[in-house]
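Coordinate analysis (summary)
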Amino acid sequence: MHQSDRRNFIKNAAGLLVSGVMSKPLLENLTYNQTGHYKKDDLIIRKLGRTGIQLPIVSMGVMNANNPNLIRAAINAGIRHFDTAWVYQGGNNEKMIGNVLKEMAINRGEVVLATKVLLDRNSQQAGDGNIKKKNFMDRFAESLQRLQTDYVDILYYHDVWNVDQVMDPYIKEAFQQLKDEGKIKAAGFSSHVYWPEIVRKAADDGFYDVLLLSFNYAMSNDNNTVDALKYAAAKGIGIIAMKTQCQQAWYKQNVPAEAQAFYEGKIMHGALLKWVLTHDFITTAVPGFNTYEQLNEDVMVAYDLRYSPDEIKFLEDHHIKVAMNAVCRFCGECSGTCPYGVEISKLMRVHMYAASYGNYYMARITASEIEKNKGLQQCHECPVCMATCRNSVNIANRLEELKMIMG
Ligand code: SF4
Ligand code: SF4
């Protein structure tokens, strides 16, 4: 998109707000085209499965953002879907979104809000399912208060790692009750493990409306993930992609400095986000931008999915492809390879939050979910680490780095 187009985009999107009040629904009067997508004024809009929700293909993952002005800028730039969670910044993330929407007098129907309930280990293992259900409902009630709203569009059961959690009758009961009471529109779950089996099971079961899953260029050779997503989408489940920028820090270990400097920023963000969104079974992505520059880089993608020559160069660069192998997919295949039982896969996620995102709060929360005898302290820093990765993640290095960061 040329500079003038970019200015028009910001102007048009901002034009939806008149004296702080949304003048006209962004998505009204759209025509449905033969490819199954909506298009208006070049902003690409897709349907979120069977939910009836329509979304621009770029949304905002708010987890790492703590600047309310960035939320305002995102709204002015045309972002309509905000993905937050009870656990992000100890609830302050939800409060920030609620305050901004109130201050800007945004009509509630003009934005799509998603939040998540994370159940800690004790709640997960509660013998009495009714206690689990109550904890789930109570936490969601707090989220509504912080967001200053009567309902959310999507509620996720956050961070599930097995089929039993997805099928949990008490959690389903909670979701159904919230739907019946009009407090949620769609039920979903998010997962940070290798999820194809879970996704297929959910698709067959038919209860969940929306799935929030990692999907990125590092998975480009993994047909199993793509097939599972296609399968779920064909059954009417809306798919939202997270972790779309591949924990970008890791490509630097394998890419010459000159190339890093060239790709950094717009080329890299544009290429990675476009790669995700060229898969039309993905409705929208929730990149976690936390600067104005990143907002602009990401939001431009919502208008044009064609790769620039530099973006193609990035995606085809041998060094980048090698680096993608060093992106941990949290598949869990390494955990059994440590003789001391260290839960490596989860620690790799802790490392991602701490070292790649600089989000120490999420790193600590995730670390606290690991059983004590499987955590970081259990790693003996053996002279030669025996843990092996199915790809090329340097497990020993990351654990050592994590010890330095987390103490
Ligand atoms: S380190 Fe490798 S094997 Fe372990 S979870 Fe990550 S990608 Fe899978
Ligand atoms: S160094 Fe490797 S093998 Fe040794 S305890 Fe740590 S993770 Fe396990």
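As shown above, the structure is provided for reference.
Residues numbered from 1 in each chain as written. Chains lettered and ligands numbered in written order. Predicted model: local features only at pLDDT ≥ 70, side-chain atom pairs only at ≥ 80, totals over all residues.

**What to know about the site of ligand 2**
Within the structure, ligand 2 sits among 13 residues, and C338, C379, C382, C385 and M386 are positioned closest to it. The class makeup of the residues in the shell around ligand 2 is eleven nonpolar, one polar and one charged. (Near = placed C-beta within 6 Å. Nonpolar A, V, L, I, M, F, W, Y, C, P; charged D, E, K, R; others polar.)

**Remarks on the sheet that holds strand β12 (residues 238-242)**
Reading across from one edge, β6-β7-β8-β9-β10-β11-β12-β13 is the order of the eight strands in this open sheet, with parallel pairing throughout. Edge positions in the sheet fall to β6 (60-61) and β13 (284-285), since each has one partner strand and no second. Pairing geometry for β12 and β13, over two bridges, is parallel. Across the sheet, A241 pairs through a bridge with A285, a residue of β13. (Pairing = 2+ DSSP bridges. Helix = DSSP H or I, 4+ residues; strand = E, 2+ residues; numbered from the N terminus.)

**Here's the deal with the site of ligand 1**
The immediate surroundings of ligand 1 are formed by 15 residues, with C328, C331, C334, S345 and C389 found nearest. Of all the elements, helix α15 (residues 344-356) adds the most residues to the shell around ligand 1, at three residues. Here the residues of the shell around ligand 1 sort into nine nonpolar, three polar and three charged.

**Remarks on the environment of Y340**
When you line up the elements, Y340 lands in the loop between α14 (318-324) and α15. A C-alpha to C-alpha distance of 7.9 Å links Y340 and K374, two positions 34 residues apart in sequence. Y340 has contacts with Q378, C379 and H380, leaving out every residue within four places of it along the chain. (Contact = placed C-beta atoms within 7 Å.)

**Structural notes on the nonpolar core**
With 121 residues, the main nonpolar core has L211, A232 and I239 as its most contacted residues. The residues that make up this core include at least three from each of domain 1 (25-317) and domain 2 (335-406). The residues touching I239, leaving out its near neighbours within four places in the chain, are L211, L213, L229, A232, A233, F281, I282 and T283. (Core = buried A, V, L, I, M, F, W, Y, C linked by C-beta atoms within 7 Å. Buried ≥ 20, exposed ≤ 12 C-beta atoms within 10 Å, placed from the backbone. Domains from an automatic or database assignment.)

**What to know about the environment of P309**
Tracing the chain through its elements places P309 in helix α13 (residues 309-316). Between the C-alpha atoms of P309 and I267, which are 42 residues apart in sequence, the distance is 9.6 Å.

**Considering the pairing of strand β11 (residues 210-214)**
Looking along a regular strand, one sees side chains alternate from face to face of the sheet. The buried fraction of β11 amounts to five of the five residues, a majority that puts the element mostly inside the structure. Judged by which residues are buried, β11 turns out to be covered on both faces: V210, L212 and S214 on one side and L211 and L213 on the other are all buried. Summarising the sheet, strand β10 (residues 184-191) and β11 pair through four bridges and their orientation is parallel. For F189, the partnering residue across the bridge sits in β11 and is L211. Between β10 and its parallel partner β11, the chain crosses via helix α8 (residues 196-205), and the hand of that crossover is right-handed. (Right-handed = clockwise from strand over helix to strand, strands pointing away.)

**Here's the deal with the packing of helix α2 (residues 68-76) against helix α3 (residues 92-103)**
Taken N-terminus to C-terminus, the directions of α2 and α3 make an angle of 55°; their axes are 10 Å apart at the nearest point. Between α2 and α3, the angle is such that the two are oblique. As for how α2 packs across α3, the hand of that crossing is right-handed. Along the contact surface, α2 presents P68, I71 and R72, while α3 presents M96, I97, N99 and V100. (Axes fitted to C-alpha atoms, helices over the stretch in contact; angles between N-to-C directions. Parallel < 35°, antiparallel > 145°, perpendicular 65-115°, else oblique. Left-handed = near helix turned anticlockwise from the far one by under 90°.)

**Points about unusual backbone geometry**
Most peptide bonds adopt trans geometry, and most residues besides glycine take a negative phi value. With a phi close to 55°, Q148 is a non-glycine residue in the positive phi region. Considering the arrangement of structural elements, one finds Q148 in the loop between α5 (129-147) and β9 (152-160). Judged by local crowding, Q148 falls into the partly exposed class, with 14 C-beta atoms found within 10 Å. Positive phi values are uncommon outside glycine, yet K243 reaches one of about 50°. Relative to the helices and strands, K243 resides in the loop between β12 and α10 (257-263).

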